[in-house]
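Listed below are the residues making up each chain.
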Amino acid sequence: HQMRVAIRRLRSALRAFRPAADGPALRRFDTEARDLANVLGPARDWDVFLGGLGAEIAEALPEEPRIEALLRAATARRETAYANLRATLAGPGFRGLIWDAVALTETLPWRAEGDADAAERRARSLPDFAAGVIEKRWRKLTEVGPEIGELPDDEFHALRLEGKRVRYVAELFAPLWARKRGKRFLARLAEVQEAFGLANDAAVARALVAPLGAKGGGASPWAVGMAEGWALARARRARSRATGAWEELLAGEPFWSQG
């Protein structure tokens with residue numbers, strides 16, 4: 001999970017600086033990092049399900065054989081995901097990713113691959129550049145307005161992703177401004193992301209368990225239905241919490257826009 005978060009933060013930084021530092025080498029590295037994140041995803045998702053919603057159901061229905069079968073099937077899927085991940089980490093692609101990262105830090109290829117506009121942006125003060133990056137993402141995040149409680153699931157998921165993008169760049173650049181300003185804003189944004197994340201984990205859980213009820217999936221339709229219902233109830237609670245956190249976030253003043 002921590003590797004996946006690290007890759008997300010790294011890719012977010014690459015995108016944040018793309019107006020000033022871009023080129024084929026950076027784009028290739030970003031693609032390689034994305035591919036690794038895609039392999040990490042299933043292992044993380046099954047970990048979250050088994051350690052969270054799956055454990056809750058097992059505690060609520062102890063020694064229920066149909067739930068036990070569901071969890072065994074989920075554990076088997078997790079083991080498969082980790083086997084795929086281990087093969088990836090032991091393969092040449094991962095070693096190539098590490099060497100590409102080293103090469104980027106040593107050769108700084110964007111200086112040769114970039115255009116005059118990128119060079120001009122690199123010459124700007126970092127606070128000015130950072131404020132523009134954060135503000136652009138903040139506007140995209142907040143254009144949905146204050147009412148998010150009834151957003152369709154796909155739009156709610158998109159909003160969560162936009163919030164994550166704002167959080168990553170805000171955390172990256174916050175040290176450029178007064179600590180208290182950034183700390184208050186980031187605390188509110190973290191609360192929003194926590195609620196969004198809980199809702200998303202529940203939605204992911206529903207998608208994960210659905211195939212387990214099919215023929216050969218290892219679980220009964222009853223157990224899958226129980227898990228999906230449990231996930232739905234949790235998602236609704238998390239969305240209610242997200243609405244309140246969202247209102248508090250919008251009420252605050254972004255730290256990068258203050259004088």
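Structure first, text after, so check above.
A. Focus on the overall build of the protein chain. If you tally the helices and strands in the protein chain, you get 11 helices and zero strands. In the protein chain, the succession of α and β elements from N to C terminus is α-α-α-α-α-α-α-α-α-α-α. Along the first, second and third principal axes, the C-alpha set of the protein chain runs to 65 × 50 × 30 Å. When burial is assessed residue by residue, the protein chain has 40% of its 259 residues classed as buried. Taking all contacts inside the protein chain whose residues are at least 6 apart in sequence as the whole, residues at least 24 apart take part in 81%. Accessible surface, the protein chain as shown: approximately 14,000 Å² in total, 55% of it carbon and sulfur. Across the protein chain, 41 positive and 35 negative side-chain charges occur, with their mean positions spaced 3 Å apart.

B. Molecular detail of the packing of helix α1 (residues 2-16) against helix α2 (residues 24-51). For the pair α1 and α2, the least separation of the axes is 9 Å and the interaxial angle reads 150°. Considering their axes alone, α1 and α2 lie roughly antiparallel with respect to each other. Where α1 crosses over α2, the handedness of that crossing is left-handed. Contact with α1, carried on its side by Met3, Arg4, Ile7, Leu10, Arg11 and Leu14, involves Leu26, Phe29, Asp30, Ala33, Arg34, Leu36, Ala37, Leu40, Gly41, Arg44 and Asp45 of α2 and no other residues of that element. For the contact of α1 with α2, the per-class residue count stands at 10 nonpolar, one polar and six charged.

C. How the structure looks around unusual backbone geometry. Residues other than glycine seldom take positive phi values, yet Glu63 does so here, at roughly 60°. Here Glu63 lies in the loop between α3 (53-60) and α4 (65-89). Exposure remark for Glu63: the relative accessible area of 71% places this residue in the exposed category.

D. The arrangement of α4 in detail. In this model α4 runs 36 Å from its N-terminal to its C-terminal C-alpha over 25 residues, within 8% of the 36 Å that 1.5 Å per residue would give. Those residues of α4 that sit buried are Ile67, Ala69, Leu70, Leu71, Ala73, Ala74, Ala81 and Leu85. Residues of α4 that are buried sit in contact with α2, α3 and α11 (221-251).

E. Representation of the nonpolar core within the structure. The biggest cluster of nonpolar side chains holds 37 residues, and the ones touching the most others in it are Trp46, Phe49, Leu53, Leu70 and Leu212. Where this core is concerned, the elements lending two or more residues are α1, α2, α3, α4, α5 (92-107), α10 (179-209) and α11. Ranked by the residues each element gives to this core, the list is headed by α2, at 11 residues. Not counting the four nearest positions on each side in its chain, Leu70 is found in contact with Leu212, Ala219, Ala223, Val224 and Ala227.

F. Fine view of the side chain of Arg44. By the secondary structure assignment, Arg44 is in helix α2. For Arg44, a relative accessible area of 17% translates into the label buried. Once residues lying within four places of it in the same chain are set aside, the contact partners of Arg44 are His1, Arg4 and Asp201.

Basis of the calculations
Residues numbered from 1 in each chain as written. Predicted model: local features only at pLDDT ≥ 70, side-chain atom pairs only at ≥ 80, totals over all residues. Heavy atoms only, no water. Helix = DSSP H or I, 4+ residues; strand = E, 2+ residues; numbered from the N terminus. Buried < 20%, exposed > 50% of the residue type's maximum accessible area, 1.4 Å probe, protein only. Contact = heavy atoms within 4.5 Å. Areas by Shrake-Rupley, 256 points an atom, 1.4 Å probe, with all protein chains shown as cover. Lys, Arg positive; Asp, Glu negative; His and termini not counted. Charge placed at Lys NZ, Arg CZ, Asp CG, Glu CD. Axes fitted to C-alpha atoms, helices over the stretch in contact; angles between N-to-C directions. Parallel < 35°, antiparallel > 145°, perpendicular 65-115°, else oblique. Left-handed = near helix turned anticlockwise from the far one by under 90°. Nonpolar A, V, L, I, M, F, W, Y, C, P; charged D, E, K, R; others polar. Expected span 1.5 Å × (residues − 1). Core = buried A, V, L, I, M, F, W, Y, C linked by side-chain atoms within 4.5 Å.

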